[in-house]
Amino acid sequence: SPKSEIVSCECSQKMCFNCGLPPHQPIPCSNALDWQKRCSADVQTEIWRVMNTATCPNKNCGIIIKREIDDKDRCLHMICSECKYHWCWACREEFRPGGANKNHDSFYHCKLYEEGKLRSDVKEMNRKVETVRKEAATFKWAEHLRSCCDKDTKDLQTLQRSLEAEMLKNGGEVGKYKFLFDAISKLILANDDKKRLYIVAFYAAMDHKKHLFEFQLKDMAEKTTKLLNMLQPNTRERRSLEEFEKDMKDLNQQTKLVSAFLQKLRKDVQEGECVTILDKPDDKSAGWFCMSCNRMNSYDKFVCECMACQVHGEKRCLRCNPEHHVHYLDDV
């Protein structure tokens, strides 16, 4: 896939010359287009249809039926709402719990499924459903991380407006606090970078580079969160302009560190130094590793058992989980 080439219109709007999408470096154009397609309502509706509906196996019927229960209930007995045909969700055969042709011991177990005697078309359908299910969970996980970045950006924009109002009210000089607004602006750009890198993680191959890339994501979270906490501490009180002025040197240093780190990481990703980007999610990916305790978690879990946030690298993160504030106050 060609690398993204950014061009600017006279109206100042920027876009990728190759695919026409908004700037998406370091994501290859083919992946950016695929991600946009996955986000569409049509694709999400199709995913839901594959995971939650089935065609009535009665040859004289064939309507699409929605499963009204989830997998936790595990009841396999289906009754077609149109033709009243009794069939099994697991094997797609007629459901016969008794008699000479009995093929099910209960509503919750299927002999054909458990003994691996499914028809070849049913096996193929199950493989497709499992692939869709796994990719849907991985997509939801990546979108969760990206939504956390959006929340941080929104909070930073609110902080910026609040500081600007305070500065105007007190008659402060704009140039005096340039370092502060630069830090906020750079961190907002860093959040945009993080959102793109989470898309990269979605397509990352499970090869020898994957461990390095996950380490880089962990490092990214630690560096950006440190700057975020300097600008917006995890407390209920906002810092004043005078307090920020006292930390001007540290803020400048951390801002430069974050910008330099992300600039190099973007370059390394685009050149394939730290990650191999596939056309679709790697089917060998079983879950995500917690950046705090290295425990493997399934993609349907957003928080590790150790309660570490994967966006900010903090235990019991107060930004993504405000309900933890009560525990935080108990601790302190």
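Scroll up for the structure.
Basis of the calculations
- Residues numbered from 1 in each chain as written.
- Predicted model: local features only at pLDDT ≥ 70, side-chain atom pairs only at ≥ 80, totals over all residues.
- Heavy atoms only, no water.
- Helix = DSSP H or I, 4+ residues; strand = E, 2+ residues; numbered from the N terminus.
- Contact = heavy atoms within 4.5 Å.
- Salt bridge = Lys/Arg side-chain N within 4 Å of Asp/Glu carboxyl O.
- Buried < 20%, exposed > 50% of the residue type's maximum accessible area, 1.4 Å probe, protein only.
- Phe/Tyr/Trp six-rings, centres within 6.5 Å; stacked < 30°, edge-to-face > 60°.
- Axes fitted to C-alpha atoms, helices over the stretch in contact; angles between N-to-C directions.
- Parallel < 35°, antiparallel > 145°, perpendicular 65-115°, else oblique.
- Left-handed = near helix turned anticlockwise from the far one by under 90°.
- Nonpolar A, V, L, I, M, F, W, Y, C, P; charged D, E, K, R; others polar.
- 1 Å grid on protein atoms, 1.4 Å probe; cavity = no way out; pocket = protein on both sides within 12 Å on 5 of 7 lines; lining within 4 Å.
- Points joined across faces, edges and corners; volume = space filled by probe spheres on them.

## What to know about the side chain of D268
Along the polypeptide, D268 turns up in helix α8 (residues 248–270). Those residues in contact with D268 that lie beyond four places of it in its chain are Q216, E273 and C274.

## A word on the pattern of salt bridges
Under the criterion given, the structure shown has 23 salt bridges. Residue E245 pairs with K176 through a salt bridge whose shortest N-O separation is 3.7 Å. Within this pair, whereas E245 is found in helix α7 (residues 241–246), its partner K176 is found in the loop between α4 (120–169) and α5 (178–203), the two being separated by 69 residues in sequence. Of the residues examined, E245 reaches a relative accessible area of 31% and is grouped as partly exposed. Under the relative-accessibility criterion, K176 is labelled partly exposed at 40%. The shortest N-O distance in the salt bridge between K267 and E271 comes to 3.4 Å. For K267, a relative accessible area of 48% translates into the label partly exposed.

## A short note on unusual backbone geometry
Cis rather than trans, the peptide bond between Q25 and P26 has omega equal to 10°. Among the secondary structure elements, P26 is positioned in the loop between β2 (14–16) and α1 (29–39). Residues other than glycine seldom take positive phi values, yet K84 does so here, at roughly 65°. Tracing the sequence through the fold places K84 in the loop between β5 (77–79) and β6 (86–88). Exposure remark for K84: the relative accessible area of 53% places this residue in the exposed category. One non-glycine residue, R92, lies in the positive phi region at around 65°. The residue R92 is located in the loop between β6 and α3 (111–114) in this model. Its relative accessible area of 10% is what places R92 among the buried residues.

## So, the packing of aromatic side chains
Under the definition given, this model contains seven aromatic pairs. With a centroid separation of 4.8 Å and 40° between ring planes, the pair formed by W35 and F139 is classed as tilted. A residue pair is termed long-range when its members are at least 10 positions apart, and W35 in helix α1 and F139 in helix α4 qualify at 104 residues. An identical accessibility class is assigned to W35 and F139; each is buried. Centre to centre, the rings of W35 and F202 are 5.2 Å apart; their planes meet at 80°, and the pair counts as edge-to-face. Taken together, the positions of W35 in helix α1 and F202 in helix α5 put the pair 167 residues apart, joining distant regions of the chain. Put simply, the rings of W35, F139, F202 and Y203 pair up and form one aromatic cluster.

## Notes on the packing of α5 against helix α6 (residues 210–231)
The geometry of α5 relative to α6 is characterised by a closest axis approach of 11 Å and an angle of 155° between their N-to-C directions. In terms of axis orientation, α5 runs roughly antiparallel to α6. α6 is crossed by α5, and the crossing has left-handed handedness. Every residue of α6 that contacts α5 at L180, A183, I184, L187, A190, K194, L197, Y198, V200 and A201 is listed here: F213, L217, M220, T224, L227, L228 and L231. Its residues assigned to classes, the contact of α5 with α6 comprises 15 nonpolar, one polar and one charged.

## Some remarks on empty space enclosed by the protein
Under the defined criterion, the tally for this structure stands at one cavity of 30 Å³ or more. Its boundaries defined by the atoms lining it, the largest cavity holds a volume of some 40 Å³. For the lining of the largest cavity, the secondary-structure elements that each account for two or more residues are α4, α5 and α6. Ranked by the residues each element gives to the lining of the largest cavity, the list is headed by α5, at three residues. Partitioning the lining of the largest cavity into residue classes produces three nonpolar, three polar and two charged.

## Considering the packing of α6 against α8
Two numbers describe how α6 lies on α8: the axes approach to 10 Å, and their chain directions differ by 155°. Of the possible angle classes, the one that applies to α6 and α8 is roughly antiparallel. Judged by the twist between their axes, the crossing of α6 over α8 is left-handed. Where α6 abuts α8, its residues F213, Q216, D219, M220, K223, T224, K226, L227, M230 and L231 lie against D250, L251, Q254, T255, L257, V258, F261, L262, L265, D268 and V269.

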